Each structure stands twice: as structure tokens, then as C-alpha cells.
Amino acid sequence: MTVKVIEVVGESRNSWQEAVENAVRDASKTIKNITGVEVRNHTANVEGGKIVEYKADVAIAFKVDGTTEV
């Protein structure tokens with residue numbers, strides 16, 4: 001089996017977990033066969049001393065179509 005990995009950034013106004021979930025959900029709209037996710041970094045935008053947007057850098061792994069499994 002061959003797996004490809006891409007990196008995306010998910011965003012949320014509520015939490016880092018939701019930012020990760022948004023990244024996976026949005027990626028799954030155009031990428032088939034997602035097999036895993038690695039959260040590489042968490043960041044946030046701050047205004048007035050409060051977090052206003054959570055961001056998660058996410059590596060998404062998916063099986064390449066047409067490859068054989070071992």
C-alpha cells in the first residue's frame with residue numbers, strides 16, 4: 001500500500017480540537033481513503049488578550065488509489 005501525506009491548517013473559533021476536526025472534515029470532501037491524522041502544531045490568534053481563533057497544523061494521510069495492500 002502507498003500512502004500520501006498532505007499538510008493543512010484547520011481553524012475554529014471554539015477550540016483546537018474543533019480546528020482539527022474541521023481540517024479532517026474539509027479535507028475529506030476532496031480526498032478519499034483518509035487513514036490517519038497527525039497534529040503537528042497548535043497556534044491561535046489573539047485580540048484584546050483573548051483567543052479569538054484556534055488553528056491546528058494537521059498532516060493527513062490517505063491511501064493512494066490503485067495501490068496494493070501488503
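Residues numbered from 1 in each chain as written. Predicted model: local features only at pLDDT ≥ 70, side-chain atom pairs only at ≥ 80, totals over all residues. Heavy atoms only, no water.

Novice: Would you take a moment to explain the overall build of the protein for this structure?
Specialist: Looking only at helices and strands, the protein has one helix and three strands in total. If you list the helices and strands of the protein from N to C, you get β-α-β-β. On C-alpha atoms alone, the protein measures out to a radius of gyration of 14 Å, which is more than a quarter above the 11 Å that the 2.2 N^0.38 rule sets for 70 residues. Considered along the principal axes of its C-alpha atoms, the protein spans approximately 50 × 20 × 15 Å. Within the span of the protein, comprising 70 residues, buried residues form 26% of the whole. Accessible surface for the protein amounts to roughly 4800 Å². Of this, 48% is attributable to carbon and sulfur atoms. Side-chain charges of the protein comprise 9 positive and 11 negative groups, with the mean position of each set lying 3 Å from the other. (Helix = DSSP H or I, 4+ residues; strand = E, 2+ residues; numbered from the N terminus. Rg over C-alpha atoms; globule rule 2.2 N^0.38 Å. Buried < 20%, exposed > 50% of the residue type's maximum accessible area, 1.4 Å probe, protein only. Areas by Shrake-Rupley, 256 points an atom, 1.4 Å probe, with all protein chains shown as cover. Lys, Arg positive; Asp, Glu negative; His and termini not counted. Charge placed at Lys NZ, Arg CZ, Asp CG, Glu CD.)

Novice: Which parts of the structure should I look at to understand a nonpolar patch on the surface?
Specialist: A contiguous nonpolar surface patch, about 250 Å² in accessible area, is contributed by Met 1, Val 3 and Val 5. Turning to its location among the elements, Val 3 is positioned in strand β1 (residues 3-12). Looking at Val 3, the relative accessible area reads 39%, which means it is partly exposed. (Patch = residues over 30% accessible without salt bridge, like charges linked within 9 Å, V, L, I, M, F, W, Y side chains within 5 Å. Salt bridge = Lys/Arg side-chain N within 4 Å of Asp/Glu carboxyl O.)

Novice: What am I meant to see in unusual backbone geometry here?
Specialist: One non-glycine residue, Asn 33, lies in positive phi territory at about 65°. Secondary-structure assignment places Asn 33 in the loop between α1 (16-27) and β2 (34-47). Classification of Asn 33 by relative accessible area gives partly exposed; the value is 38%.

Novice: Explain the pattern of salt bridges to me, please; I cannot follow it from the model alone.
Specialist: Oppositely charged side chains can pair when the atoms bearing their charge come close. Applying the stated criterion across every chain yields a total of six salt bridges. The shortest N-O distance in the salt bridge between Asp 26 and Arg 25 comes to 3.4 Å. Of the residues examined, Asp 26 reaches a relative accessible area of 38% and is grouped as partly exposed. By relative accessible area, Arg 25 is classed as partly exposed at 44%. For the salt bridge of Lys 29 with Asp 26, the shortest nitrogen-to-oxygen distance reads 3.5 Å. One network of salt bridges, with partners in common, ties together Glu 7, Glu 38 and Arg 40.

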